[in-house]
Amino acid sequence: MSNMDWYSKMNPVEFLGGVGRNIRMGAMLLKDSVQSRLNGPEGMSFAEFSYQAFQAYDWLHLFRKYDCFLQLGGHDQMGNMMAGYELIRRMTGDTAHCFTVPLVVNEIGSKFGKTAGNAVWLDESKTSTFEFYQFFLRLPDTEVEKYLRLFTLVPDEEIADIMAQQTAKPELRKAHKKLADQVTLLVHGDKGLELAQRATEAFFGSDIKALASLDPGVVSDIFGRAFVSNLNFTSGITVFDVVMRAKCFADERDARRVIAAGGVNINFSKMRNPDECLQVGEHVLPNEMTLIRIGKKNYYVVRWNS
């Protein structure tokens, strides 16, 4: 659902005349969040100030069309939610309800979300199962017990036991693994968890067998959304040929120099001879894929056309 479905049919005068007259400036200006922005060095734009009115009308529209009488949100949204509550009361005479929950914040107190740029999505098209799994696996030690209690169904007694093991041997990261396993299983199911575990094994263990079991598209996500090329495999194709065709280098001389210096890895193996021929099974995996790494961080995935 997109609010453009109703705003595209409404002109600004209609919005201001019908909705704006029922939203009180005093209540908006008294909010701490608005005051802090108005008194800050950058001030507050009209667009930011108007956001509350639009969110209030969104709820009014949903209330009228779908009988949406309850809005849930983080406690930082209380002001916007109350604006919607008041608008519904003024324009319909009916009563709606707000329900707020504490925000999930990181170790320094910053919230997670798309505005903050650190959102973790349930939709795997936005956050891959590997990225989702890794988020929980990489949590600071100070946060993992809280997340186990918030996001899993693990009994309190078991959590206490896991945390005792974590304290005794923190290098094993048992609490992190339990958290990552449980949340990924809950959101993405058995297949999603298995994929995330195999992807983690391939990424951190440099395991060719694990790499060969993955879909090339998944591998692209694992290795920082690597550039993907579709190439035709021919007998006699060399290391130099494939890095040039995969657009790993713009200049042929640079390609030969970096290969000779050991700066090119294919399927976790360092290549030093630019004229070495690729071998099926070693350089071309059973899933018809080759993973190329240039330097330490630049990854390229080659899908071989059969």
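Right, let's walk through the structure included here. Model, not experiment: these values are computed from the prediction.

**Regarding the overall build of the protein chain**
When helices and strands are counted, the protein chain shows 14 helices and seven strands. For 306 residues, the compact-globule formula gives about 19 Å, and the C-alpha radius of gyration of the protein chain, at 27 Å, lies well above that figure. Counting only C-alpha atoms and orienting by the principal axes, one finds that the protein chain spans roughly 80 × 55 × 40 Å. Across the 306 residues that make up the protein chain, the buried fraction comes to 39%. If you take every contact in the protein chain between residues at least 6 apart in sequence, the share linking residues at least 24 apart comes to 58%. In the structure as shown, the protein chain presents an accessible area of about 17,900 Å², 54% of it carried by carbon and sulfur atoms. Treating the 35 positive side-chain charges of the protein chain as one cloud and the 37 negative ones as another, the clouds have centres 4 Å apart.

**Remarks on the sheet that holds strand β3 (residues 227-232)**
Read from one edge of the open sheet, five strands run β3-β7-β6-β4-β5, paired in mixed fashion. What marks the edges here is a single partner per strand, and that holds for β3 and β5 (269-271). Strand-to-strand twist across the sheet, computed as the mean angle between neighbouring axes with direction ignored, equals 30 degrees. In this sheet, strand β7 (residues 298-305) lies alongside strand β6 (residues 289-294) in antiparallel orientation, the contact comprising six bridges.

**Some words on the environment of Ile 162**
Checked against the element boundaries, Ile 162 lands in helix α9 (residues 156-168). Non-local contacts of Ile 162, meaning those with residues more than four positions away in its chain, are made with Lys 174, Ala 175 and Lys 178.

**Focus: the nonpolar core**
Ranked by size, the top nonpolar core spans 23 residues in total, and within it Val 242, Val 243, Phe 249, Val 264 and Ile 292 carry the most contacts. Within the residue set of this core, elements represented by two or more residues are α13 (239-245), α14 (252-260), β4 (264-266), β6 and β7. Here this core gets five residues from one element, more than from any other, and that element is α13. Excluding its chain neighbours within four sequence positions, the residues that come into contact with Val 243 are Cys 248, Phe 249, Ala 255, Ile 259, Val 264 and Ile 292. One finds Ala 53, Leu 60, Ala 83 and Ile 88 within the second-largest nonpolar core, a separate group that totals 19 residues.

**A look at the pattern of salt bridges**
Counting across every chain of the model gives ten salt bridges. Its salt-bridge partner being Lys 146, residue Glu 143 comes within 3.0 Å of it at the nearest N-O pair. Residue Glu 143 and its partner Lys 146 are located together in helix α8 (residues 141-151), separated by three residues, close to a single helical turn. Taking relative accessible area as the criterion, Lys 146 reaches 33% and is therefore assigned partly exposed. Across the pair Asp 254 and Arg 257 runs a salt bridge whose closest N-O atoms are separated by 3.4 Å. One end of the pair, Asp 254, and the other, Arg 257, are both in helix α14, three residues apart, so they sit about a helical turn from each other. Note on Arg 257: relative accessible area 52%, which makes it exposed. Counted as one network, the salt bridges with shared partners bring together Glu 145, Arg 149 and Asp 156.

**Here's the deal with the side chain of Thr 152**
Positionally, Thr 152 belongs in the loop between α8 and α9. A polar side-chain atom of Thr 152 sits 2.5 Å from the main-chain carbonyl oxygen of Leu 148. Within the structure, Thr 152 has its side chain in polar contact with the backbone nitrogen of Val 154 (distance 3.3 Å). Excluding residues within four positions of it along the chain, Thr 152 makes contact with Tyr 147, Leu 179, Gln 182 and Val 183.

Cut-off values and rules
- Residues numbered from 1 in each chain as written.
- Predicted model: local features only at pLDDT ≥ 70, side-chain atom pairs only at ≥ 80, totals over all residues.
- Heavy atoms only, no water.
- Helix = DSSP H or I, 4+ residues; strand = E, 2+ residues; numbered from the N terminus.
- Rg over C-alpha atoms; globule rule 2.2 N^0.38 Å.
- Buried < 20%, exposed > 50% of the residue type's maximum accessible area, 1.4 Å probe, protein only.
- Contact = heavy atoms within 4.5 Å.
- Areas by Shrake-Rupley, 256 points an atom, 1.4 Å probe, with all protein chains shown as cover.
- Lys, Arg positive; Asp, Glu negative; His and termini not counted.
- Charge placed at Lys NZ, Arg CZ, Asp CG, Glu CD.
- Pairing = 2+ DSSP bridges.
- Axes fitted to C-alpha atoms, helices over the stretch in contact; angles between N-to-C directions.
- Core = buried A, V, L, I, M, F, W, Y, C linked by side-chain atoms within 4.5 Å.
- Salt bridge = Lys/Arg side-chain N within 4 Å of Asp/Glu carboxyl O.
- Polar contact = N/O pair within 3.5 Å; in protein donor to acceptor, adjacent residues only side chain to side chain.

None of this, on its own, says anything about what the molecule does.
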